[in-house]
Structure formats: C-alpha cells, structure tokens
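# Observations on chain architecture
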Amino acid sequence: SRCCILSSLESDDFSSILRRSAGIPHAIKCLLKSEPVGKKSRLFPKTLNKLFELAEKSPSDHVKVHSLNILKFIFQDSNLRMDIEGYIGQGFIAAIRGFQSQEWVIRNSALMLFSAISQRILGTDKVADQQSLKNKINIVEFFTRAPALVDYFLEEVHDFIKVGREKDLQYPAIYPITLVFSRL
C-alpha cells in the first residue's frame, strides 16, 4: 500500500534502485488512481505532502531523487490533472530548490520535474504561430493557479539582487524563474 511504499522510501530502502526510480513512481501513481472518483480524496493530499517533505528535507540524496521522480510522474499523468492542480506552486518550488543542490542527481531530477510541470501548466512552446499564442497562459492566470509562487519568486529575485552584486556568482534559482516569465 501507499503507506508501506512511502515508509520504505523514507527509510531509504530503495537506495539501490537508480534509473528514474524504476517502478516506484508507477506503483504510487496506480495507488493514487485507485481512489473512488467523485469522493473527496484523502490519499492524494497525504501522499503529495509527504513527497514534497521528503524532496526538501530528507537527509538522503536517494530519497530526494526518488521523491522528485515520483512527483514528476504524478504531474505528467493526465488522469490526475485535476487533483494535481492545487500543487503546481509547491511543485515549481520543489523543482527550483532542487536546482540549488550540490548533487547532480538531485539537480537532474529537479529539472525533469520542472519540465513536467512547465509542460502541464505552460504547454509546449514549439511553434510561435497564432494558434499557439491563443493557447498561452497569461501571468494573471498563472499566479491565480499557483499563488504561492508570487512570494517565492519575489523572494528569490530579491535574494539574487542582494547576492548578485558579488562577481562571478551563480544563482541557480534565477534561470527557471526567468524561463517561466518568458513563457507567459
């Protein structure tokens, strides 16, 4: 069940599984999809909150990577589209914070999560024709769907301006934030 899988994940029992967390994301996704339609979901919010907590606060890099990979799979699933809507802000924040890790595997998983969420909310930006311009989300709609990002983006930009005065300093959070703004 979900409880056993997340407990095993949290205790780092899956540390030997590498390639995009193998079947763990699929198992969690199937459990989330098994909740009855039309009833208030209890499993989904508990699972998502635990995954976000593990992605940010776990002392184990393996646990962080698995959590980010599971979140990516959940954000990519079209059947969970309505359930995931309220977690877009948290997802972007988890991904952007992952970019700041010293570990490549965490940054890589964070990039895949960022890409999945970007495609979900911003769509793909392959063609700049009139039809794709009509389908673009605007800045008001974006922040209405992800209100937590207003303060987070402002805080990150403010920190970048403060810290950016030092020469040759990299600030990993600023690129994904400017990328989001460029697509609005």
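Check the entry above for the structure.
Notes on the structure in this doc start here. Note that the structure is a prediction, hence the values are computed from the model and not measured. (Residues numbered from 1 in each chain as written. Predicted model: local features only at pLDDT ≥ 70, side-chain atom pairs only at ≥ 80, totals over all residues. Heavy atoms only, no water.)

## Quick word on the environment of S58
Looking at the secondary structure, you find S58 in the loop between α3 (43-57) and α4 (61-76). In this structure S58 touches E53, V63 and K64, once residues within four positions along its chain are discounted. Only 3.2 Å separates the side chain of S58 from the backbone nitrogen of S60, close enough to count as a polar contact. (Helix = DSSP H or I, 4+ residues; strand = E, 2+ residues; numbered from the N terminus. Contact = heavy atoms within 4.5 Å. Polar contact = N/O pair within 3.5 Å; in protein donor to acceptor, adjacent residues only side chain to side chain.)

## A word on the packing of helix α6 (residues 88-99) against helix α10 (residues 148-163)
In helix packing, the relevant descriptors are the interaxial angle and the interaxial distance, both defined with respect to the helix axes. The contact between α6 and α10 brings their axes to 9 Å, and the two run at 25 degrees. Taken as axis vectors, α6 and α10 run roughly parallel relative to one another. Like other packed secondary-structure pairs, α6 and α10 cross with a definite hand, here left-handed. Contact residues: G89, F92, I93, I96 and R97 in α6; A148, L149, Y152 and F153 in α10. (Axes fitted to C-alpha atoms, helices over the stretch in contact; angles between N-to-C directions. Parallel < 35°, antiparallel > 145°, perpendicular 65-115°, else oblique. Left-handed = near helix turned anticlockwise from the far one by under 90°.)

## Things to note about the packing of aromatic side chains
Counted under the stated rule, the structure contains 11 aromatic pairs. With a centroid separation of 5.0 Å and an interplanar angle of 75 degrees, the aromatic rings of F142 and F143 are classed as edge-to-face. Like F142, the residue F143 is buried in the burial classification. Summarising the aromatic geometry, the rings of F143 and F181 are spaced 6.1 Å apart at their centres and angled 50 degrees between planes, so their arrangement reads as tilted. On the criterion of sequence distance, the pair formed by F143 in helix α9 (residues 139-145) and F181 in helix α11 (residues 174-182) is long-range, its members being 38 residues apart. The exposure class of F143 is buried, given its relative accessible area of 16%. What makes F181 partly exposed here is its relative accessible area of 35%. Ring pairs connect the aromatic residues F92, F99, F114, F142, F143, Y152, F153 and F181, which therefore count as one cluster. Between K72 and the ring centre of F73, over which it is positioned, the NZ or CZ distance is 4.6 Å. (Phe/Tyr/Trp six-rings, centres within 6.5 Å; stacked < 30°, edge-to-face > 60°. Buried < 20%, exposed > 50% of the residue type's maximum accessible area, 1.4 Å probe, protein only. Lys NZ or Arg CZ within 6 Å of the ring centre and 35° of its normal.)

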